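The primary structure of each chain is shown beneath.
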Amino acid sequence: MTTPVSNHRKIGFWTCTALVVGNVIGMGIFLLPASLAPYGFNALIGWTVTLLGCLALARVFSYLAHALPDADGPYGYIRRTLGELPAYMALWAYWVSLWLTNAALATGAVGYITVVFPVLQAIHPAVFALGLLWLFVAINLLGVRAGGSVQIVTTALKLLPMIAIAVLGAWVLLHAPASYTAHLPSTPISLKDTMAAGTIALFAMLGIESASVPAARVNDPGRTIPRATMVGTVLTAVIYIIVSTVPLLLIPQQELGNASAPFALLMDRFGGAGFGRWLSLFVVVSGLGALNGWTLLVGELTRTMAANGVLPRVFVRDNRRGAPAVALVVTGALASAMVWMSYSKSLVSAFTFITRVVTAANLPLYLCCSLALIVLWRRGVVRGAVLPAAVLGVLFVVFAFIGIGHEPLVLGLGLIAVGLPLYAFMRLRRRHAASAKV
């Protein structure tokens, strides 16, 4: 059974901010300039829409955390406003997306590590990926503070290449400003391409809710979570706008679209030969930091859902360090199965498939939390500028649903449908338990 979490085992503002920044800045941003290159300036417009939408969603999570500090995160926010079934459906899809994300991060990190350190190619890639996955499960078994400390360090390190890109862009602007107009993208601006680019960019912004998921483990959640969510999201938004614009304007559109490592190409061309390999090292750090952060979150979310009776009670159990041990081990096993499946097909196609499903699976959570805030506004629990943020959050999710396309949307709905039999079973089990007590 769970026990109250003592203050010395809880996490504070900096760890929560590191969770937001560290989980949002994973590995996707390092490939995103190439993915968005075919869209030209539509990519920048799509980025702007996505970042504004994510800032609105960050406000939604901030308001919810302030209004319901004892709700134990997004599951509690939705359950108290929309009901248990919507909370379960949204969080079930989100829960699946977390361990899918861990599988994608582990496989992606192996690809970069073996480039930076070729000697490690002797290790079978699937075994290597599983080793990384379980390394971070082991770290988080030491407790939320141990996982949080690793998150702060890796987040600080992963910001270094972003700063390097920004500094390089500023240097080129000062010393060779004509470079920014020498290869302007030629793709015409259209609503269709803007929506498609915005949806692709959304995958790189997933994780803005990270500070609110382990709410029960946060010191003063009503104050800490809102501050960390907004600071982390704004910081990430500024970084992303800069590092996406620089390669789009400095590298010819066709060449950027075919680049396997666009930031490394940029550094080698404008910073000097060899710089790109060092940047790849930080890609590894970024991926491993995100893997650590998502491992922490999936353990906490599993424990929360079990504590609310929609997953088996065994997942509630903490070890002597206060970590949800059973939840971490089981979700680690699920991610391991996905790693093995990934290596049965090409790495690129597997990673693409996983990321599309993950994006679709996150949208119900964002939609339900925005609707939850509207419900609180109607009840008079919250006031002020709350309603515009909630409405913008809903509109942005609708925008993303349209832009994501038919297939990922169906896959996301399929994930929810798969979880409904378990929900029905757990609900029936709770009724029988209640009847037995009477």
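Residues numbered from 1 in each chain as written. Predicted model: local features only at pLDDT ≥ 70, side-chain atom pairs only at ≥ 80, totals over all residues. Heavy atoms only, no water.

A. View of helix α4 (residues 74-81). For α4, the buried fraction is high: 6 of the 8 residues fall into the buried class. Listing the buried residues of α4 in full gives P74, Y75, G76, Y77, I78 and T81. Once α4 finishes, G83 follows within two positions and takes phi at roughly 115 degrees, a positive value. (Buried < 20%, exposed > 50% of the residue type's maximum accessible area, 1.4 Å probe, protein only. Helix = DSSP H or I, 4+ residues; strand = E, 2+ residues; numbered from the N terminus.)

B. Quick look at the pattern of salt bridges. The full count for this structure, using the stated rule, is 9 salt bridges. The salt bridge involving E84 is made with R430; its shortest N-O contact spans 2.8 Å. Note that E84 is positioned in helix α5 (residues 84-116) and R430 in helix α16 (residues 406-437), a separation of 346 residues in sequence. Given a relative accessible area of 27%, R430 falls into the partly exposed group. Here E255 ties to R269 by a salt bridge, and the two come within 2.4 Å at their closest N and O atoms. Within this pair, whereas E255 is found in helix α10 (residues 253-257), its partner R269 is found in helix α11 (residues 262-270), the two being separated by 14 residues in sequence. A residue is classified by how much of its surface remains accessible, and E255, at 30% relative accessible area, is partly exposed. By relative accessible area, R269 is classed as partly exposed at 41%. (Salt bridge = Lys/Arg side-chain N within 4 Å of Asp/Glu carboxyl O.)

C. Quick peek at a nonpolar patch on the surface. A surface patch of nonpolar side chains, about 430 Å² in accessible area, is lined by V153, L157, L160, I163 and V167. Relative to the assigned elements, I163 resides in helix α7 (residues 144-175). Residue classification places I163 among the partly exposed positions, given a relative accessible area of 48%. (Patch = residues over 30% accessible without salt bridge, like charges linked within 9 Å, V, L, I, M, F, W, Y side chains within 5 Å. Areas by Shrake-Rupley, 256 points an atom, 1.4 Å probe, with all protein chains shown as cover.)

D. Fine view of empty space enclosed by the protein. A full pass over the atoms with the stated rule returns 5 cavities of 30 Å³ or more. Residue lining of the largest cavity: 18 residues in total, with N23, T101, F203, L206 and W294 positioned closest to the centre. Mapped by element, the contributors of at least two residues to the lining of the largest cavity are α1 (13-24), α5, α8 (191-205), α12 (275-307) and α14 (347-379). The element that contributes the greatest number of residues to the lining of the largest cavity is α5, accounting for 5 residues. Residue composition of the lining of the largest cavity, by class: 12 nonpolar, 6 polar and no charged. Estimates place the volume of the second largest cavity at around 60 Å³. Lining the second largest cavity we find P33, L36, A43, L44, W47, S244, L248 and L256. Elements that contribute at least two residues to the lining of the second largest cavity include exactly α2 (28-36), α3 (41-67) and α9 (221-250). (1 Å grid on protein atoms, 1.4 Å probe; cavity = no way out; pocket = protein on both sides within 12 Å on 5 of 7 lines; lining within 4 Å. Points joined across faces, edges and corners; volume = space filled by probe spheres on them. Nonpolar A, V, L, I, M, F, W, Y, C, P; charged D, E, K, R; others polar.)

E. Here's a closer look at the packing of aromatic side chains. Within this structure, the stated rule accounts for 8 aromatic pairs. Ring geometry for Y88 versus Y423: centroids 4.9 Å apart, planes at 35 degrees, classification tilted. Here Y88, found in helix α5, pairs with Y423, found in helix α16; they are 335 residues apart in sequence, far enough to count as distant. For the pair Y88 and Y423, a shared accessibility class is recorded, and that class is buried. On the basis of an interplanar angle of 40 degrees and a centroid distance of 5.2 Å, the ring pair of W92 and W95 is categorised as tilted. Of this pair, W92 and W95 are both found in helix α5, 3 residues apart, which corresponds to roughly one turn of the helix. Take W92 and W95: they sit in the same class, and that class is buried. Following the ring pairs from residue to residue traces out a cluster consisting of Y88, W92, W95, W99 and Y423. Sitting over the face of the ring of Y63, R59 holds its NZ or CZ atom 4.6 Å from the ring centroid. (Phe/Tyr/Trp six-rings, centres within 6.5 Å; stacked < 30°, edge-to-face > 60°. Lys NZ or Arg CZ within 6 Å of the ring centre and 35° of its normal.)

F. Local environment of the layout of surface pockets. Put simply, the second largest pocket is a space of about 190 Å³. Lining the second largest pocket are 16 residues, and of these P364, L367, F401, L413 and I416 lie nearest its centre. Here the element with the most residues in the lining of the second largest pocket is α14; it accounts for 6 residues. Broken down by class, the residue content of the lining of the second largest pocket amounts to 15 nonpolar, 1 polar and no charged.

G. Quick peek at the nonpolar core. If you look at the biggest cluster of nonpolar residues, it comprises 135 residues, and the most contacted ones within it are I29, W47, L91, Y94, Y240, M305 and Y366. Considering every element that reaches this core, the biggest residue donor is α5, with 19 residues. Every residue in contact with Y366, bar those within four places of it in the chain, is listed here: L57, F61, L206, G207, I208, E209 and V397. (Core = buried A, V, L, I, M, F, W, Y, C linked by side-chain atoms within 4.5 Å. Contact = heavy atoms within 4.5 Å.)

H. Local environment of α8. Taking 1.5 Å of rise per residue, 15 residues should cover 21 Å, and α8 covers 21 Å from first to last C-alpha, within 8% of that figure. Looking at α8, one finds that the buried residues are T194, M195, A197, G198, T199, A201, L202, A204 and M205. Residue G207 follows α8 closely and has a positive phi angle near 125 degrees. (Expected span 1.5 Å × (residues − 1).)

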